[in-house]
Amino acid sequence: MTKIDVISGFLGAGKTTLIKKLLEEAIQGEKVVLIENEFGEIGIDGGFLKDAGIEISEMNSGCICCSLVGDFGAALHKVQEQFHPDRILIEPSGVGKLSDVTKAVVDVAQSEPEMVLGSAITVADATKCKSYMKNFGEFYNNQVENAGTIVLSRTQKLSEEKLAEAVALLREKNPKATIITTPWDVLDGKQILSAMEKTNDLAQELMEELRHEHEAHDHDHEHHHDHEHHHDHEEACGCGHDHGHHHHHDHEEEHEHHHHEHGEACTCGCHDHGHEHHHHHHGHDADEVFTSWGVETPKTFTEAEIRHALEELDTGAYGAVLRAKGIVGTADGVWIHFDFVPGDLEIRHGAADVTGRLCVIGSELKEDGLKTLFGV
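*Asks:* What am I meant to see in the packing of aromatic side chains here?
*Replies:* Pairs of aromatic rings are described using the distance from one ring centre to the other and the angle between the two planes. Evaluation of the coordinates by the stated rule reveals six aromatic pairs. Where phenylalanine 10 meets tyrosine 132, the ring centres are 5.3 Å apart and the plane angle is 45 degrees; that geometry is what we call tilted. A residue pair is termed long-range when its members are at least 10 positions apart, and phenylalanine 10 in the loop between strand 1 (2–9) and helix 1 (15–25) and tyrosine 132 in helix 5 (residues 129–135) qualify at 122 residues. With a relative accessible area of 7%, phenylalanine 10 lands in the buried category. Using a relative accessible area of 16% as the deciding quantity, one classes tyrosine 132 as buried. Pairing phenylalanine 10 with tyrosine 140 gives two aromatic rings, centres 5.3 Å apart and planes at 85 degrees, and the pair type is edge-to-face. With phenylalanine 10 in the loop between strand 1 and helix 1 and tyrosine 140 in helix 6 (residues 137–145), this pair connects stretches of sequence that are 130 residues apart. Taken together, Phe10, Tyr132, Phe136 and Tyr140 form an aromatic cluster joined through their ring pairs. A cation over an aromatic ring shows up here: lysine 97 above the ring of phenylalanine 139, its NZ or CZ 5.9 Å from the ring centre. Positioned above the aromatic ring of phenylalanine 301, the side-chain terminus of lysine 299 is 5.1 Å from the ring centre.

If you want it as structure tokens, here you go:
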């Protein structure tokens, strides 16, 4: 299978630097073909690519977006036939419309069963978002609106307030994309690739934890309780915090029972659903509703603020919170990783993430209250 990633962005945004980082740190060992066109930035240095074993397919027929019907499709077919790559990177013209390029890729992939559109990425200079939206609306906004991931460059040059303003402008145009706001020099290329491919999903991580704990809990019940008692116990739970840690396990049973009913069809990923994610899980009982709420934010926090917020989650004022997890930055560049289960919280320092991320899972969550609690 050949993944096709389209990496768009205006001139000077940093497409070449991003591609280099991905090649050096994230996709070594893959057979990669880079398709460029002669407009825009000078392509990646040929010597670098040859040393890395990368083949370059230059398009000399003009801007990709000006020759979609014939040459572009022919080029993709030729690349597939000649190289059978694991991945094709397409770097369109800086003023090309991302929607045109991705449509062309999809059209080709329909006749090439081994090809699939992987990621549609837009690299955007954080310091120029506002002026570019004003002055180059049609082309610039198209790149923003059609991206699955927006990789912001030069974010270290902005204050937290200015960065938040830039992200808000992008969110107006694209509420669903992952927006990478962390400076690239503190990120590994693998983290950026994971964000592009939507594999760094907090909600999914929490769901997996719940599934494993549910399986372990079920196994324990098989050894210590009969089947009838298990159901009576589950029905008796009133879903209140009075149950404490015991209540925590009952919720896991209810949530995972529903989860298995829906199987893999329910993706429930924070990034798949954009800046703010909430997904309702309806079980057999009309009162059984679980919500996953997630936010991506460049906002920085102090450890005291995070500790206070997590302690508040334990009061029941924000719903019956089953899990909370997050990775957020601080003003001094340290990154806080936190995990919460009822009655227990863990806060530690760890690696940077592509942007600050929070996820809360529970029953009858007060989403407006959670926004206020975390200040997002």
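There is more to say, and it comes next.
*Asks:* How should I be thinking about the pairing of strand 11 (residues 335–341) in this particular structure?
*Replies:* Looking along a regular strand, one sees the side chains alternate between the two faces of the sheet. Strand 11 sits mainly inside the fold: six of its seven residues count as buried. For strand 10 (residues 320–329) and strand 11, the ladder comprises six bridges, and the chain directions are antiparallel. Counted as the bridge partner of lysine 325 is aspartate 339 from strand 11. In textbook terms, the turn of a hairpin is the stretch between consecutive antiparallel strands, and for strand 10 and strand 11 this stretch comprises five residues, one of which, glycine 333, has a positive phi near 90 degrees. Where strand 11 and strand 12 (residues 344–350) come together, seven bridges link them in antiparallel fashion. Bridge assignment links valine 341 to a residue of strand 12, and that residue is aspartate 344.

*Asks:* I'm lost on the pattern of salt bridges in this one. Help?
*Replies:* Once their charged atoms are close, side chains differing in charge can pair, the charge on each being opposite to the other. Taken as a whole and judged by the stated rule, the model has 17 salt bridges. Between lysine 3 and glutamate 197 there is a salt bridge, with its nearest N and O atoms 3.2 Å apart. Of the two residues, lysine 3 is situated in strand 1 and glutamate 197 in the loop between helix 8 (189–196) and helix 9 (202–224); the sequence distance between them amounts to 194 residues. A relative accessible area of 24% places glutamate 197 in the partly exposed class. One salt bridge connects lysine 21 with glutamate 25, and the closest N-O pair in it is separated by 3.2 Å. Of this pair, lysine 21 and glutamate 25 both sit in helix 1, four residues apart, roughly one helical turn. Given the relative accessible area of 23%, glutamate 25 is considered partly exposed.

*Asks:* What is the right way to look at the pairing of strand 4 (residues 87–90) in this model?
*Replies:* Of the two faces of strand 4, the one holding Arg87 and Leu89 and the one holding Ile88 and Ile90 are both buried throughout. Bridge count for strand 1 against strand 4 is four bridges, and the pairing is parallel. Across the sheet, residue valine 6 finds its bridge partner in strand 4, namely isoleucine 90.

*Asks:* Help me understand the nonpolar core, please; the structure alone is not making it clear to me.
*Replies:* Side chains that are nonpolar tend, in soluble globular proteins, to be buried together. The biggest cluster of nonpolar side chains holds 35 residues, and the ones touching the most others in it are Leu76, Ile88, Ile90, Tyr140, Ile150, Leu152 and Leu170. Beyond its immediate stretch of four places on either side in the chain, leucine 152 contacts Ala124, Ala126, Cys129, Leu163, Val167, Leu170, Ile179, Ile180, Thr181 and Trp184. The next biggest cluster of nonpolar side chains, apart from the first, holds 26 residues, and it includes Ile7, Ile19, Leu34 and Ala195.

Parameters and conventions
All residue numbers refer to positions counted from 1 along the written sequence of the respective chain. Local features in a predicted model are, by the rule used here, given only for residues with pLDDT of at least 70; side-chain atom pairs are given and counted only at 80 or more, and totals for whole chains, interfaces and linings are based on all residues. Heavy atoms throughout the structure, all of them, feed into the side-chain values; hydrogens and water do not. Geometry of aromatic contacts follows a simple scheme: Phe, Tyr and Trp rings, the Trp one being its six-membered ring, pair when their centres are within 6.5 Å, and the pair is stacked under 30 degrees between planes, edge-to-face over 60, tilted otherwise. Under the DSSP-based scheme used, a helix requires at least four consecutive residues in state H or I and a strand at least two consecutive residues in state E, with every element numbered from the N terminus. When accessible area is computed with a 1.4 Å probe and restricted to protein chains, residues below 20% of their type maximum are described as buried, those above 50% as exposed, and intermediate ones as partly exposed. Comment: the charge-over-ring label is applied if NZ (Lys) or CZ (Arg) is within 6 Å of the ring centre and within 35 degrees of the ring normal. Pairing between two strands is assigned when DSSP locates at least 2 bridges connecting them. Salt bridges are counted wherever a side-chain nitrogen of Lys or Arg sits within 4 Å of a carboxyl oxygen of Asp or Glu. Nonpolar cores were defined as sets of buried Ala, Val, Leu, Ile, Met, Phe, Trp, Tyr and Cys residues, with membership established by side-chain atoms within 4.5 Å. The criterion used for residue contact is that any of the two residues' heavy atoms lie within 4.5 Å.

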